[in-house]
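Spelled out, the chains give:
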Amino acid sequence: QLRLVESGGGLVQPGGSLRLSCAISGALEDRPIAWFRQALGKEHEGISCISGSRVTNYKEDSAKGRFTISRDIAKNVVYLQIFDLKPEDTALYYCARSALGGRCPGPLRNEYSFWGHGTQVTVSS
């Protein structure tokens, strides 16, 4: 049974950093994995995706390195490192798995067929 379990969220002060984890189990094939977030009252927002060793950044801040996606193949975990956290980063952060192999799809929610339950990140002083 496929499962994606996010962890690592919490309350952090502005300027701090966090590393979120997405533990993947029950997957028979490798598929692109992405991180999304959803702030209260807003739509899902794609952050970054990783497929094999290839990274696709969906946000300008991801391309600048404030959000960094990586994976540990041996542990079957995908990480999202977030630096210089801001109050506007407060959101529920999800990892999601594409149904299709190959390159990362676009940053739309419906491009990903399986989702975890999310981990809350709150940035506040």
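The coordinates are above.
In this report, the structure presented in the accompanying data block is examined. (Residues numbered from 1 in each chain as written. Predicted model: local features only at pLDDT ≥ 70, side-chain atom pairs only at ≥ 80, totals over all residues. Heavy atoms only, no water.)

If you walk through the whole model with that rule in mind, you get two disulfides. The disulfide partner of Cys22 is Cys95, and the gap between their sulfur atoms is 2.1 Å. Across the disulfide from Cys22 to Cys95, rotation about the S-S bond amounts to roughly 70 degrees, and the bridge is consequently right-handed. Of this pair, Cys22 sits in strand S3 (residues 18–25) while Cys95 sits in strand S9 (residues 91–97); the two residues are 73 residues apart in sequence, bridging distant segments of the chain. In terms of burial, Cys22 and Cys95 fall into one category: buried. (Disulfide = S-S within 2.5 Å. Helix = DSSP H or I, 4+ residues; strand = E, 2+ residues; numbered from the N terminus. Buried < 20%, exposed > 50% of the residue type's maximum accessible area, 1.4 Å probe, protein only.)

Close approach of charged atoms lets side chains of opposite charge pair. This structure, assessed with the given rule, holds nine salt bridges. A salt bridge links Asp84 to Lys86; the shortest N-O distance between them is 3.2 Å. Judged by its relative accessible area of 28%, Lys86 is partly exposed. Each of Arg37, Glu45, Lys59, Asp61, Arg66 and Asp89 takes part in salt bridges that share partners, so that together they form one network. (Salt bridge = Lys/Arg side-chain N within 4 Å of Asp/Glu carboxyl O.)

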